[in-house]
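Commentary on secondary and tertiary structure
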Amino acid sequence: IGTAFVLGAGLGTRLRPLTDDRPKPLVPIFHKPLITFAFDHLRAFGVKHFVVNTHHRPEAYERLLGARKGLAEYVGCSVRLRHEPILLDTAGGIGNVRDWLGDAPFLVHNGDVVADLPLDRLMAEHAEQANAATLVLRRSGGPLQVQFDEDRRALTDIRGMIGGRSEPAFLFSGVYALSPAVFRYIPKEGPLSIVPVFLKMLQAGERVGGIILDEGIWFDLGTRESYLQAHRFFSPASTHPIQLSYELDRPWPVAVHPEAEIGEEVVLEGATALGARATVGHGAHLTDSVVWEDAKIASRSRLEACIVRDGRSAAGEWSAADL
């Protein structure tokens, strides 16, 4: 499988106001945009071609990737961007790029998921079982909504919506493989979620399989709490920092970007990150806080568990605030 569709069009409503100016998949973890973790994860298993849908702030993708006319490159891999003036949801987005996905199986990866999963096992399962779809499942880490028969290695229902067998429920990771048969269940136009597509496939007798991959790292960056948790998890200041196993496009994590400026007697504690061209005035004290590009922290400010967005300024004492 050499092509992947990476979801980039979500609104990220649960992360607002962080996503007011950035699409959710471009929110950074230690200066690295979320979507590039998906790219790195996929290319570690041989994916060379990425298709990305955009909606909110599409120009941000153009800047990040240096795209021209929707075409770009990421570490030797091709990237195609297709804008959705009307948000099409997951299945609608897949259907909207069917002309770029070809006639071979392809992978789908949520653009806001940071994962370190053995995708070679997903690819092998999809091919060996001749599945129309194969979902990566986990036993914990989020809502357990997918009914899965481990003996048959097949889904029976999702959220009990079609009255399938009452199997143990699993987390849907947002990573999966699809065969071109899926396009028979996706209209050529209009918004559509992927869940009803899977259910229609099940009802039509298509084989919708799954593989349980509990090993590795999996983060769904849906809320500010999970966003800060990811910084604590990956922080170079941690006693036992945890690295992703796949090769990244640059040294990572780095707490302070080389282009950041720090005044005298500044204290940075815990999982604090300073982005490119961020400035921190003398005597400031930051704990477990994330400062994005071009942000300014005034002298003698005290921030704890705060997020300061691109170009914003913060002064005084703040706790658990998005600035």
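1. Quick notes on the overall build of the protein chain
Scanning the protein chain for helices and strands turns up seven helices and 25 strands. Taken over the C-alpha trace, the protein chain has a radius of gyration of 21 Å; the compact-globule value for 323 residues is 20 Å, and the two agree within 12%. Taken across its 323 residues, the protein chain has 54% of its residues classed as buried. The long-range fraction of contacts in the protein chain, counting pairs at least 24 apart against all pairs at least 6 apart in sequence, stands at 59%. Looking at the protein chain as shown, the accessible area adds up to about 14000 Å², and 49% of this sits on carbon and sulfur atoms. Here the protein chain holds 34 positive side-chain charges and 40 negative ones, and the gap between their average locations is 4 Å.

2. What to know about the packing of aromatic side chains
For the structure shown, the criterion picks out 13 aromatic pairs. Ring geometry for F30 and W252: centres 6.4 Å apart, planes at 70°, overall edge-to-face. Of this pair, F30 sits in the loop between β2 (28-29) and β3 (32-33) while W252 sits in the loop between α7 (224-234) and β15 (261-262); the two residues are 222 residues apart in sequence, bridging distant segments of the chain. For the pair F30 and W252, a shared accessibility class is recorded, and that class is buried. Pairing F37 with W252 gives two aromatic rings, centres 5.1 Å apart and planes at 75°, and the pair type is edge-to-face. With a gap of 215 residues between them, F37 in helix α1 (residues 34-43) and W252 in the loop between α7 and β15 connect regions that are remote in the sequence. The pair F37 / W252 is uniform in exposure class, with both members buried. Among the aromatic residues, those joined into a ring-pair cluster are F30, F37, F219, F233, F234 and W252. Its guanidinium or amino end placed over the ring of F37, K32 lies 5.2 Å from that ring's centre, counting from NZ or CZ.

3. Concerning the environment of R98
Locating R98 in the fold gives a position in helix α4 (residues 98-101). Taking C-alpha positions, R98 is 9.1 Å from K188, a pair spaced 90 residues apart along the chain. Beyond its immediate chain neighbours, meaning those up to four positions away, R98 contacts F183, I186, P187 and K188.

4. Overview of the sheet that holds strand β24 (residues 313-314)
Strands sit in the order β15-β18-β21-β24 across an open sheet of four strands; the sheet is parallel. Of all strands in the sheet, those with a lone pairing partner are β15 and β24, marking the two edges.

5. Details of the pattern of salt bridges
What the rule picks out here adds up to 20 salt bridges. Of the charged contacts in the structure, one is a salt bridge between R139 and E150, with a shortest N-O distance of 3.4 Å. Remark: E150 occurs in the loop between β10 (144-149) and β11 (154-158) and R139 occurs in the loop between β9 (133-138) and β10; sequence separation between them is eleven residues. The class of E150 is partly exposed, set by a relative accessible area of 39%. E259 is the partner of R277 in a salt bridge, and the nearest nitrogen-oxygen pair spans 3.2 Å. Remark: E259 occurs in the loop between α7 and β15 and R277 occurs in the loop between β17 (273-274) and β18 (279-280); sequence separation between them is 18 residues. A single network of salt bridges, built from pairs that share partners, joins R22, E259, R277, E293, D294 and D310.

6. Focus: the sheet that holds strand β25 (residues 317-319)
Working definition: the strands of a sheet are paired by backbone hydrogen bonds and lie parallel or antiparallel to each other. If you trace the four strands from one edge of the open sheet to the other, you get β16-β19-β22-β25, paired in parallel fashion. Strands with a single pairing partner mark the edges of an open sheet, and in this sheet they are β16 (267-269) and β25. Neighbour-to-neighbour, the strand axes of this sheet turn through a mean angle of 0°, independent of strand direction.

7. Some details on the side chain of K32
You can see K32 is positioned in strand β3. Note on K32: relative accessible area 1%, which makes it buried. In this structure the side chain of K32 is engaged in a polar contact, spanning 3.1 Å, whose partner is the side chain of T36. Here the side chain of K32 touches Y74 through a polar contact of 3.4 Å, side chain to side chain. Residues contacting K32, with those up to four places away along its chain left out, are V27, F37, D40, Y74, L248, D249, R250 and W252.

8. Here we look at the pairing of β9
Of all the six residues making up β9, six are buried; the element is thus mostly covered by neighbouring parts of the structure. Side-chain alternation along β9 places A133, L135 and L137 on one buried face and T134, V136 and R138 on a second face that is also buried. As paired elements, β9 and strand β12 (residues 169-178) share five bridges and run antiparallel to each other. Pairing of L137 across the sheet is with F172, part of β12. The sheet contact formed by β9 and strand β13 (residues 208-212) spans five bridges and is parallel. From the neighbouring strand, L137 faces β13, where its bridge partner is I212.

9. Remarks on the nonpolar core
Judged by nonpolar contacts, the single largest core of 35 residues is most densely connected at I94, L178, V197, F198 and M201. Looking at this core element by element, the count peaks at seven residues for helix α6 (residues 194-203). Contacts of I94, omitting those with residues within four sequence positions, involve F5, L101, F106, V108, Y176, L178, F183, I186 and I194.

About the cut-offs
Residues numbered from 1 in each chain as written. Predicted model: local features only at pLDDT ≥ 70, side-chain atom pairs only at ≥ 80, totals over all residues. Heavy atoms only, no water. Helix = DSSP H or I, 4+ residues; strand = E, 2+ residues; numbered from the N terminus. Rg over C-alpha atoms; globule rule 2.2 N^0.38 Å. Buried < 20%, exposed > 50% of the residue type's maximum accessible area, 1.4 Å probe, protein only. Contact = heavy atoms within 4.5 Å. Areas by Shrake-Rupley, 256 points an atom, 1.4 Å probe, with all protein chains shown as cover. Lys, Arg positive; Asp, Glu negative; His and termini not counted. Charge placed at Lys NZ, Arg CZ, Asp CG, Glu CD. Phe/Tyr/Trp six-rings, centres within 6.5 Å; stacked < 30°, edge-to-face > 60°. Lys NZ or Arg CZ within 6 Å of the ring centre and 35° of its normal. Pairing = 2+ DSSP bridges. Salt bridge = Lys/Arg side-chain N within 4 Å of Asp/Glu carboxyl O. Axes fitted to C-alpha atoms, helices over the stretch in contact; angles between N-to-C directions. Polar contact = N/O pair within 3.5 Å; in protein donor to acceptor, adjacent residues only side chain to side chain. Core = buried A, V, L, I, M, F, W, Y, C linked by side-chain atoms within 4.5 Å.

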